[in-house]
Amino acid sequence: MSTPAAILDLAFERVISDLIQPVIDDTAISSNVEFVCRNPQNRAGVRLLLACCLAKSHKPNLDIRKPYTEIGGLDCYSGRRYDEAYITSFINKHELPCNPTTAFLTPALRNRNIFLTPELNLVGKPPILYKTVLSLLDDVYSGRVLAEDMLAETIRYLLIVKNEKANL
C-alpha cells in the first residue's frame, strides 16, 4: 500500500505532462470536477474532494462518504486528518489554488458525523457547489469512477486554473 503522499505525487505525475487530456472519460463527471475546481466563491469544496479521494485511494475499504470517525465502523476515516496532514503540504508544494486551511473547519462541514450523500443539505454557499461535491463522492462510492482517477482529475483542473491565473 502506498503512502498518502506517494499517492498524491503519483496523481500529480499522471497529469502534469498533458493537462489537455482528461483522466475521466465521463464528460458529466469531469465537468463537475471542473466546476468544483473553478468555483471562485468557495474553495473548500475542492479540498473536501481531494481529502476524501485521497483517503479512498489510500485505503480502498473506506466509504468515501464517511469522513467523520464519529460515525463509527471500520469504513470511516478522518477527512480532516487527511486534509491537514497531506493535502495542505501538497497544495503548498505545488502552489495550487485552494484554501490555505482544511475544508473540515468550514461552517458546512465542522461538527458533523453523518454520511455525505447527495440528499444531504450542507447549508454551505453556494449550495450548488456542495451538491456537486456530494454527487462526485457518490460517483466514487457507486463505482462510476475510481477515487484515484477523481483525485488525478481534480489535480489536473487545479493545475489548469493555476496556469490560467499565471498567464493573466
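Our structure's up above, just so we're on the same page.
Each chain carries its own residue numbering, running from 1 in the written order of its sequence. Totals for whole chains, interfaces and linings use all residues, but because this is a predicted model, local features are given only for residues with pLDDT of at least 70 and pairs of side-chain atoms are given and counted only at 80 or more. Neither water nor hydrogens contribute to the side-chain values; these are computed over all heavy atoms in the structure.

**Some thoughts on the overall build of the protein chain**
Here is step 1: Each helix and strand counted, the protein chain has 6 helices and 0 strands in total.
Here is step 2: Secondary structure elements are defined from DSSP: runs of H or I of at least 4 residues count as helices, runs of E of at least 2 residues count as strands, and each element is numbered from the N terminus. Helices and strands appear in the protein chain in the N-to-C order α-α-α-α-α-α.
Here is step 3: Whereas a compact globule of 168 residues would reach a radius of gyration of roughly 15 Å, the protein chain reaches 14 Å, a difference of no more than 12%.
Here is step 4: Principal-axis analysis of the C-alpha atoms places the extent of the protein chain at approximately 45 × 35 × 30 Å. C-alpha atoms define the radius of gyration, and 2.2 Å times the number of residues to the power 0.38 defines the globule rule.

**As for the packing of aromatic side chains**
Think of a pair of aromatic rings as described by two things: how far the centres are apart, and how the planes are tilted against each other in angle.
Here is step 1: Whether two aromatic rings pair depends on their centres lying within 6.5 Å, for rings of Phe, Tyr and Trp, where Trp uses its six-membered ring; planes under 30 degrees apart make the pair stacked, over 60 edge-to-face, and the rest tilted. Within the structure shown, the criterion is met by 4 aromatic pairs.
Here is step 2: Ring geometry for Y77 against Y82: centres 6.1 Å apart, planes inclined by 80°, an arrangement best described as edge-to-face.
Here is step 3: Each residue is assigned to one of three classes by its accessible area relative to the maximum for its type, calculated with a 1.4 Å probe on protein chains only: buried under 20%, partly exposed between the two thresholds, exposed over 50%. Owing to a relative accessible area of 2%, Y82 belongs among the buried residues under this scheme.
Here is step 4: The interplanar angle of 45° and the centroid separation of 5.9 Å between the aromatic rings of Y82 and Y86 together place this pair among those described as tilted. In this pair, Y82 and Y86 both sit in helix α4 (residues 79-94), 4 residues apart, roughly one turn of the helix.
Here is step 5: When its relative accessible area of 22% is taken as the criterion, Y86 is described as partly exposed.
Here is step 6: For the cation-ring pair, R81 lies above Y82, with the distance from its terminal atom to the ring centre recorded as 5.0 Å.
Here is step 7: The cationic tip of R156 hangs over the ring face of Y157; the distance from NZ or CZ to the ring centre is 4.4 Å. Two thresholds decide whether a charge sits over a ring: the Lys NZ or Arg CZ must be within 6 Å of the ring centre and within 35 degrees of the ring normal.

**Quick word on the environment of S57**
Here is step 1: Checked against the element boundaries, S57 lands in helix α3 (residues 44-58).
Here is step 2: Here E148 takes part through its backbone nitrogen, which lies 3.4 Å from a polar atom of the side chain of S57. Each polar contact in these results corresponds to two N or O atoms within 3.5 Å; when the atoms are within protein, one needs to be able to donate a hydrogen and the other to accept it, and residues that are neighboring in sequence are counted only if both atoms are side-chain atoms.

**Quick word on the state of the cysteines**
Here is step 1: Two cysteine sulfur atoms make up a disulfide if the distance between them is within 2.5 Å. As enumerated under the stated definition, the model contains 0 disulfides in all.
Here is step 2: A disulfide-free cysteine, C53 has its sulfur positioned 7.0 Å from the sulfur of C52, the nearest such atom.
Here is step 3: Residue classification places C53 among the buried residues on the basis of a relative accessible area of 0%.

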